[in-house]
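Observations on chain architecture
What follows is the residue order along each chain.
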Amino acid sequence: MDDVPLLRRTAALCAAAVLVLAACAAPSPAGEEASGQPVTDSGFVCPEPSPRLAVTSTELNLFVWPDYVPQDIVDCFEQVYGIKVNQDYYSSTDEMYAKLSQGALNYDITQPTDYATALMIRQGMPQKLDKERLPNLKNIDPAFVNVYGDPNGEYAVPYQAGTTAIVYNRATVDPAPAAWADLWNPAYAGRLTSIDDSRVVIGLTLISEGYDPNTTNPADLEAIKPKLRELIRAVEIFESDNPKTPLVTGEADLGVMWNADALMAQREVPSYEWVFPREGQFNWADGYMILAGAPHVDAAYAWLNYSLQGDVFWLMLRDSPYTNPNMAALEYAQANQPDLYAEYISSPMTNTPAERWAAGYWIEDVGDAMPAYDQLWTEVKGE
């Protein structure tokens, strides 16, 4: 450690004077470096808030995806602000929306994605942002500053973005998939895993049949029902909490996946490959929203602004390496975590090529047609 020479010099000074020795022998408070900076259980030294916001709340309630917020960010925020962070989790966008729409009012912040962002704004669920309280928004790449579904950037603070495409194990899967339509190959039945996302699975089925993945025509949904049923029966595991797990354990060897989960599977099993389907992958963007009834608004702004710091948000490259919209975080990683930065910047899984991004689909708010999607999914998946 860089601190070892300093500690040795300090010990030598302590030996020269009893009073100094007594002071030096006193242990540092738990969770602090000798410098006084807070340190997490993993050994991560917590950056100071820059700037520090005024807060009187002592709690913050997050409703978020599991394993999507690095524990070091949570631990550091609790230590630097003295605020207890409570987390509750959802496994799908549908679950998140259902719980909030049924009146779960004790949450401060949630993490909707694209079509749910637009839907929640339309229904008045989030509150407008006071951007004067978020000076670190300056760290966001202009290309990502308005989260999809929030075209004017009034409600959502960019978190991460990414793609949903196909991952497969080149050592075990032959032929290799190249399109959404390939997922119906009988050779893949029982070997597939998929995120548990109704709009994505229905959407890719629509695309494979030449329909708009955001269609509002009930006849289109009825027309794809047999093919959707066939795909769902071929999927061995629907998994959104930790999508890479079936790939790493060998329970499945190809499937429909978010990009960072594919990369993390590849870290453990290098033979996994990423495929942008010929028809076009799905793009997505997640943002933080402060809910309209948030009980700890001041803590919510402190959390958001602290998370936006480059010396904090770079942790996403380590723990959840999706497409990172934070320029300061990438700059910090390039200077201080070159291996992580190189992995991120060189991989099409995470650093999506511009031409592929432009060719992607977005899942959109389908308004009054949404019950038809829900009914189709419930009927076919429940069979």
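Scroll up a little and you will see the structure.
Residues numbered from 1 in each chain as written. Predicted model: local features only at pLDDT ≥ 70, side-chain atom pairs only at ≥ 80, totals over all residues. Heavy atoms only, no water.

**A word on the overall build of the protein chain**
Across its full length, the protein chain holds 17 helices and 10 strands. Relative to the 2.2 N^0.38 estimate, which gives 21 Å for 383 residues, the radius of gyration of the protein chain is 23 Å and therefore close to what a compact globule would have. Sorting the 383 residues of the protein chain into buried and exposed places 52% on the buried side. For the protein chain, the share of sequence-separated contacts (at least 6 apart) that also reach a separation of at least 24 residues comes to 75%. For the protein chain, the computed accessible surface area is about 16,500 Å², with 52% contributed by carbon and sulfur atoms. The averaged location of the 53 negative side-chain charges in the protein chain is 1 Å from the averaged location of its 23 positive side-chain charges. (Helix = DSSP H or I, 4+ residues; strand = E, 2+ residues; numbered from the N terminus. Rg over C-alpha atoms; globule rule 2.2 N^0.38 Å. Buried < 20%, exposed > 50% of the residue type's maximum accessible area, 1.4 Å probe, protein only. Contact = heavy atoms within 4.5 Å. Areas by Shrake-Rupley, 256 points an atom, 1.4 Å probe, with all protein chains shown as cover. Lys, Arg positive; Asp, Glu negative; His and termini not counted. Charge placed at Lys NZ, Arg CZ, Asp CG, Glu CD.)

**Things to note about the pattern of salt bridges**
The full count for this structure, using the stated rule, is 17 salt bridges. With a shortest N-O distance of 3.8 Å, Glu78 and Lys84 are connected by a salt bridge. The partner of Lys244 in a salt bridge is Glu268, with the nearest N and O atoms 2.7 Å apart. Separated by 24 residues along the polypeptide, Lys244 in the loop between strand E6 (235-238) and helix H9 (245-249) and Glu268 in helix H10 (residues 259-268) bring together distant segments of the chain. Judged by its relative accessible area of 47%, Glu268 is partly exposed. What emerges from the salt-bridge pattern is a single network uniting Asp72, Arg318 and Asp319. (Salt bridge = Lys/Arg side-chain N within 4 Å of Asp/Glu carboxyl O.)

**Digging into the state of the cysteines**
Enumeration over the complete set of coordinates arrives at 1 disulfide. What pairs with Cys46 in a disulfide is Cys76, and their sulfur atoms sit 2.1 Å apart. Measuring the twist about the S-S bond at about -80 degrees, one finds the Cys46-Cys76 disulfide to be left-handed. Remark: Cys76 occurs in helix H3 (residues 71-81) and Cys46 occurs in the loop between helix H2 (18-25) and strand E1 (59-64); sequence separation between them is 30 residues. By relative accessible area, which is 1% here, Cys76 ends up buried. (Disulfide = S-S within 2.5 Å.)

**Concerning unusual backbone geometry**
Here the residue pair Ser50 and Pro51 is connected by a cis peptide bond, since its omega of 0 degrees sits within 30 degrees of zero. Within the secondary structure layout, Pro51 lies in the loop between H2 and E1. Between Asp174 and Pro175 the backbone carries a cis peptide bond, its omega angle lying at 10 degrees. Counting through the fold element by element, Pro175 comes out in the loop between strand E4 (156-169) and strand E5 (192-194). Although it is not a glycine, Asp67 sits at a positive phi angle of roughly 55 degrees. Mapped onto the fold, Asp67 is located in the loop between E1 and H3.

**Focus: the environment of Asn106**
Tracing the backbone through its elements, the reader meets Asn106 in the loop between helix H4 (93-101) and strand E3 (109-110). Residue Asn106 is classed as partly exposed on the basis of its relative accessible area of 44%. Separated by 37 residues in the primary sequence, Asn106 and Val69 have C-alpha atoms spaced 19 Å apart. If sequence neighbours within four positions are ignored, Asn106 has contacts with Asn61 and Pro295.

**Structural notes on the packing of helix H6 (residues 198-208) against helix H17 (residues 370-381)**
Where H6 contacts H17, the axes come no closer than 10 Å and their chain directions differ by 90 degrees. It follows from the interaxial angle that H6 and H17 lie roughly perpendicular. Taken together, the residues of H17 that come into contact with H6 (itself represented by Ser198, Arg199, Val201, Ile202 and Leu206) are Met370, Tyr373, Leu376 and Trp377. Residues of the contact of H6 with H17, tallied by class, amount to 7 nonpolar, 1 polar and 1 charged. (Axes fitted to C-alpha atoms, helices over the stretch in contact; angles between N-to-C directions. Parallel < 35°, antiparallel > 145°, perpendicular 65-115°, else oblique. Nonpolar A, V, L, I, M, F, W, Y, C, P; charged D, E, K, R; others polar.)

**Examining the packing of aromatic side chains**
Inspection of the entire model under this criterion finds 21 aromatic pairs. Ring plane angle 90 degrees and centroid distance 5.5 Å describe the contact between Tyr68 and Tyr322, whose orientation is recorded as edge-to-face. Pair noted here: Tyr68 is in the loop between E1 and H3 and Tyr322 is in the loop between helix H13 (315-319) and helix H14 (327-336), with a separation of 254 residues, a long-range link. As far as the burial class goes, Tyr68 and Tyr322 line up, both buried. Here Tyr148 and Trp362 contribute two aromatic rings whose centre-to-centre distance is 4.0 Å and whose plane-to-plane angle is 10 degrees, an arrangement assigned as stacked. (Phe/Tyr/Trp six-rings, centres within 6.5 Å; stacked < 30°, edge-to-face > 60°.)

**A few points about the pairing of strand E2 (residues 84-89)**
Bridge count between E1 and E2: 6 bridges; the pairing is parallel. When the bridges of E2 are listed, Val64 appears paired with Tyr89. Handedness of the E1-H3-E2 crossover: right-handed. (Pairing = 2+ DSSP bridges. Right-handed = clockwise from strand over helix to strand, strands pointing away.)

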